Amino acid sequence: MDTTKELPTVLSLCSGYGGIERGLELAGLKHRVIAYVEIEAYAIANLLAKMETGLLVPAPVFSNIKTLPVECFRDRVHILTSGYPCQPFSAAGQREGTDDPRHLWPYIKEIIRAVRPSRCFFENVEGHISLGLREVIADLESLGYQTTWGIFSAREVGAPHQRKRVYILADSNSVRCDRGQLPNRVSERSMEIETQQRPEQSLVRSQVEGCGGDSGENVADSIDKGLQRVERLRGNLGQNSGGEESANGAIAQRGDDSQQGEWPAEPNVGRVVDGCADRVDRIRLLGNAVVPQTAAKAWLTLSKRL
């Protein structure tokens, strides 16, 4: 890796698969992550695997945000990012707020106080607006940050599902560390150019094309289509007795179906298909993950406000 350039540094808390940081890249902000903090074993393994294959610059991964040695990061971080746990605020849970043992904001607040990053960029569920967001904004302002927030969805960036999320951007109005520079303005960048350079990032857009995403079709319809496809696959498997070859043929037919303008219940991307290794862990990782394209739009939009 070329480490000769002094790039803005990022400390990633509750990293997941690194969706927020990938969003910063899509927004045109080149940076270097100096450390990740993630407690989920599979998410950690995923980050390390990306480092080994060269998709991520090697960086230490800490497993406990409560015991993070913050003193070594003081005045060395330009941007602190975090998709902190949503369970205390999510409408899908008990909404216990500060009483939830997974409530990590107090620890993140103390890390901000100790590290003093120039900017903070957070993501959480829409339910955070009615529970907890007021306290987060108040805490950030008490630490000297100017803040803004907004709701952004995956549909805004081309996906057929909503997945609304709250993004929070806090700015100290100064660059406090002595390495690199954090640009005051982030120029808008064409997502099409970026996805041409990295074809795998055009996955969402390519899956949406021709699937009725612009027609207002409810994504729930894809479940019915997926069930219909399963019935067809079962019929194909029943007509053949070639064992593994029959299964492969059925999978090939599913791939053909996905090219006919239908949004498959499980897109043919080799991640969450039935029979895939660590399927539950992968679904959990993706279910809690940030959509990078959404994070990119949130960063650009909120940066303009500040």
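What counts, and where the lines are drawn
Residues numbered from 1 in each chain as written. Predicted model: local features only at pLDDT ≥ 70, side-chain atom pairs only at ≥ 80, totals over all residues. Heavy atoms only, no water. Core = buried A, V, L, I, M, F, W, Y, C linked by side-chain atoms within 4.5 Å. Buried < 20%, exposed > 50% of the residue type's maximum accessible area, 1.4 Å probe, protein only. Helix = DSSP H or I, 4+ residues; strand = E, 2+ residues; numbered from the N terminus. Contact = heavy atoms within 4.5 Å. Arc of directions from axis to C-beta. Axes fitted to C-alpha atoms, helices over the stretch in contact; angles between N-to-C directions. Parallel < 35°, antiparallel > 145°, perpendicular 65-115°, else oblique. Left-handed = near helix turned anticlockwise from the far one by under 90°. Nonpolar A, V, L, I, M, F, W, Y, C, P; charged D, E, K, R; others polar. Phe/Tyr/Trp six-rings, centres within 6.5 Å; stacked < 30°, edge-to-face > 60°. Polar contact = N/O pair within 3.5 Å; in protein donor to acceptor, adjacent residues only side chain to side chain. Salt bridge = Lys/Arg side-chain N within 4 Å of Asp/Glu carboxyl O. Pairing = 2+ DSSP bridges.

### Comments concerning the nonpolar core
Taken as a class, soluble globular proteins show a tendency for nonpolar side chains to be buried jointly.
Part 1: Of all hydrophobic cores here, the largest spans 31 residues; its most connected members are Leu 11, Leu 13, Ile 111, Ile 112, Phe 122, Leu 140 and Ile 168.
Part 2: Put simply, the parts of the chain that give this core at least two residues each are strand S1 (9–13), strand S2 (32–37), helix H3 (105–115), strand S5 (119–125), helix H4 (133–142) and strand S7 (165–171).
Part 3: If you tally residues by element for this core, the top one is H3, at 6 residues.
Part 4: For Leu 140, the residues in contact, after removing those within four places along its chain, are Trp 105, Ile 112, Phe 122, Tyr 145, Thr 147, Ile 168 and Ala 170.

### Comments concerning unusual backbone geometry
Across residues other than glycine, the phi torsion is negative in most instances, and most of the peptide bonds are trans.
Part 1: Here Cys 14, not a glycine, exhibits a phi torsion of approximately 50 degrees, which is positive.
Part 2: Turning to its location among the elements, Cys 14 is positioned in the loop between S1 and helix H1 (19–26).
Part 3: On the basis of relative accessibility, which here comes to 18%, the residue Cys 14 falls in the buried class.
Part 4: A positive phi angle is found at Arg 163, which is not glycine, with a value near 50 degrees.

### Observations regarding H4
Part 1: Residues Leu 133, Val 136, Ile 137, Asp 139 and Leu 140 constitute the buried set of H4. Projected down its long axis, H4 shows its buried positions confined to an angular sector of 160 degrees, all on one face. Turned more than 90 degrees from where H4 packs its buried face, Arg 134 and Ser 142 sit exposed.
Part 2: Those residues of H4 hidden inside the fold are in contact with H3, S5, strand S6 (146–152) and S7.

### A word on the packing of H1 against helix H10 (residues 292–305)
Angle between the axes and distance between the axes are the two parameters that describe a pair of packed helices.
Part 1: Between H1 and H10, the shortest axis-to-axis distance is 7 Å and the interhelical angle comes to 60 degrees. What the angle tells us is that H1 and H10 run oblique. Relative to H10, H1 is oriented so that their crossing is right-handed. Across the interface between the two elements, Gly 19, Ile 20, Arg 22, Gly 23, Leu 24 and Leu 26 of H1 pack against Pro 292, Gln 293, Ala 295, Ala 296 and Trp 299 of H10.
Part 2: Broken down by class, the residue content of the contact of H1 with H10 amounts to 7 nonpolar, 3 polar and 1 charged.

### Topic: the packing of aromatic side chains
Part 1: Counting across every chain of the model gives 7 aromatic pairs.
Part 2: Plain terms: the ring middles of Phe 152 and Tyr 167 are 6.0 Å apart, the flat faces sit at 75 degrees to each other, and that makes the pair edge-to-face. Of this pair, Phe 152 sits in strand S6 while Tyr 167 sits in strand S7, placing them 15 residues apart in sequence. A single burial state applies to Phe 152 and to Tyr 167, both of which are buried.
Part 3: Put simply, the rings of Phe 121, Phe 152, Tyr 167 and Trp 299 touch in pairs and so form one group of aromatic residues.

### Description of the side chain of His 31
Part 1: Along the chain, His 31 turns up in the loop between H1 and S2.
Part 2: You can call His 31 buried: its relative accessible area is 12%.
Part 3: Polar side-chain contacts of His 31 include one of 3.0 Å to the backbone oxygen of Leu 29.
Part 4: Leave out the neighbours within four places in its chain, and His 31 touches Leu 7, Pro 8, Val 10, Glu 21, Leu 24 and Glu 25.

### Observations regarding the pattern of salt bridges
Part 1: All chains considered together, the criterion is met by 7 salt bridges.
Part 2: Across the pair Lys 109 and Asp 139 runs a salt bridge, and its minimum N-O distance is 3.5 Å. A residue pair is termed long-range when its members are at least 10 positions apart, and Lys 109 in helix H3 and Asp 139 in helix H4 qualify at 30 residues. The pair formed by Lys 109 and Asp 139 is uniform in burial state, with each residue classed as buried.
Part 3: Lys 297 is the salt-bridge partner of Glu 156, the closest N and O atoms lying 2.9 Å from each other. Here Lys 297 lies in helix H10 and Glu 156 lies in the loop between S6 and S7, a separation of 141 residues in the sequence.

### Remarks on the pairing of S7
Part 1: Most of S7 is tucked away, with 7 of its 7 residues classed as buried.
Part 2: Burial of the side chains of S7 extends over both faces: Arg 165, Tyr 167, Leu 169 and Asp 171 are buried on one face and Val 166, Ile 168 and Ala 170 on the other.
Part 3: Bridge analysis of S5 against S7 gives 7 bridges, and the strand direction is antiparallel. Each bridged residue has a counterpart across the sheet, and for Val 125 the counterpart in S7 is Arg 165.
Part 4: Bridge analysis of S6 against S7 gives 7 bridges, and the strand direction is antiparallel. Across the sheet, residue Ile 151 finds its bridge partner in S7, namely Val 166.

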